[in-house]
Amino acid sequence: MELSFILLLILFGHQDDVCYGHEWSRLDGDTTYRSCIHDVTGQYPQLIGFDLGGMELGQPCNLDSVPFTLIRQEIIRQDKRGGRVTVSWHARHPLTGGTAWDTTSCMTMALDTQSAVHDTLVHYISRVAQFIASVPTTSPLIFRPWHENSGNWFWWGRHACDSTEYQQLWHLTRTIFDQYNVQVEWVFSPDKLTQYDASPQGALREMTDYYPGDEYVDIIGTDCYHFGGEEGTEDYLYRAHRQLSAAAALAEQHHKRLAFTETGNEGIRCAHWYTRVLLPLCHAYPIEYVHVWRNAWDIETHYYLPYSHHSEREDFIQFIHQL
Ligand code: BMA
């Protein structure tokens, strides 16, 4: 009898995992090596996320005070361990200089090659491209620009640019990356899908509208968070299934890979959240990885991974074993 089986491996990722965690930080130059995931499981993360927000201005640290020198060092270290790295970018506003969350309209100017705002944006993208090009890795970085575009909280969000402009923003980004010969795996990751009706077709249509195109994307994913405690579970599962289904359908149509690019329950306010809520979601779709957000060292409740003595530690270990 011939035995054949498919081994499905889902990588687990954590933002800033080796830079700081709940109540510890290496940001002040502390050289003691530490990892949030290693603290809990005894193993280093398969995937680590870093954010380049602030690099476009030439700042030494990102928007969460992580020095870019540390990010470079940890990207290389993670790559040498055989792990993967995903990079997001909360880019500053090219017109006002405000944060990524400054929703002042600027897209028409940013895409107009005659405009000074366009020059600024090109400069911003070039700085990020040059940084990535300068980090020697054997595996390409998983680059996830202009994320959560279906929401209305970033300057590249749905309220701020139509689908054509959003696609042009991607094309511009790619053109500049190509100029610097940067090889990355490109991830398209919208968040909530509420533009059309509540049907699965409405969700797929919205994702399709903004999809940058087959030549520009390698992985299709989505960001979706569980807000609140137990009372938020139903709503989270509804949104997560809606978004992951749409992402999976789009990925299948376009022969792309699939991922759950950002998720989490801030402060892990639900008992057994990892095995009871997240695990079944991960197993319902052919995702390549699932990524949870950071454990801030300086915001008591802003964490997504159980830390050493957290009551959900055992549940997380079970989750990792079953993922
Ligand atoms: C958000 C929060 C913020 C942070 C931002 C970029 O979700 O974690 O505190 O500045 O991501 O990492």
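Residues numbered from 1 in each chain as written. Predicted model: local features only at pLDDT ≥ 70, side-chain atom pairs only at ≥ 80, totals over all residues. Heavy atoms only, no water.

**Q** Could you clarify how one ought to interpret the site of the ligand in this entry?
**A** Taken together, L63, D64, H90, W101, W293, R294 and H302 are the residues near the ligand. Here an oxygen atom of the ligand and a side-chain polar atom of D64 are 2.6 Å apart. Contact between the ligand and W293: an oxygen atom at 3.0 Å from a side-chain N or O atom of the residue. Against a free-state accessible area of 310 Å², the protein chains account for coverage of 75% of the ligand. In the shell around the ligand, the residues fall into three nonpolar, two polar and two charged. (Near = heavy atom within 4 Å. Polar contact = N/O pair within 3.5 Å; in protein donor to acceptor, adjacent residues only side chain to side chain. Areas by Shrake-Rupley, 256 points an atom, 1.4 Å probe, with all protein chains shown as cover. Nonpolar A, V, L, I, M, F, W, Y, C, P; charged D, E, K, R; others polar.)

**Q** Teacher, can you tell me more about the pattern of salt bridges here?
**A** Side chains that carry opposite charge are capable of pairing whenever their charged atoms lie near each other. Across all of its chains, the model carries 14 salt bridges by this definition. Between E74 and R77 there is a salt bridge, with its nearest N and O atoms 3.6 Å apart. Taken together, the residues E74 and R77, both in helix α2 (residues 68–80) and three residues apart, mark about one turn of the helix. Residue R276 is joined to E230 by a salt bridge in which the shortest nitrogen-to-oxygen separation is 2.8 Å. Here R276 is found in helix α8 (residues 273–283), whereas its partner E230 is found in the loop between β8 (219–226) and α7 (233–253), with 46 residues between them in sequence. One connected set of salt bridges, linked through shared partners, spans R84, E185, R257 and E288. (Salt bridge = Lys/Arg side-chain N within 4 Å of Asp/Glu carboxyl O. Helix = DSSP H or I, 4+ residues; strand = E, 2+ residues; numbered from the N terminus.)

**Q** Would you explain the packing of aromatic side chains in this entry?
**A** Inspection of the entire model under this criterion finds 28 aromatic pairs. On the basis of an interplanar angle of 65 degrees and a centroid distance of 5.4 Å, the ring pair of W146 and W155 is categorised as edge-to-face. Note on accessibility: W146 and W155 belong to one class, buried. In textbook terms, an aromatic cluster arises when at least three aromatic residues are bridged by ring pairs, as seen for F143, Y166, W170, F177, W186, F188, Y210 and Y211. Between the NZ or CZ atom of R81 and the centre of the ring of Y44, over which it lies, the distance is 4.5 Å. The ring centre of Y196 lies 3.7 Å from the NZ or CZ of R205, which sits over that ring. (Phe/Tyr/Trp six-rings, centres within 6.5 Å; stacked < 30°, edge-to-face > 60°. Buried < 20%, exposed > 50% of the residue type's maximum accessible area, 1.4 Å probe, protein only. Lys NZ or Arg CZ within 6 Å of the ring centre and 35° of its normal.)

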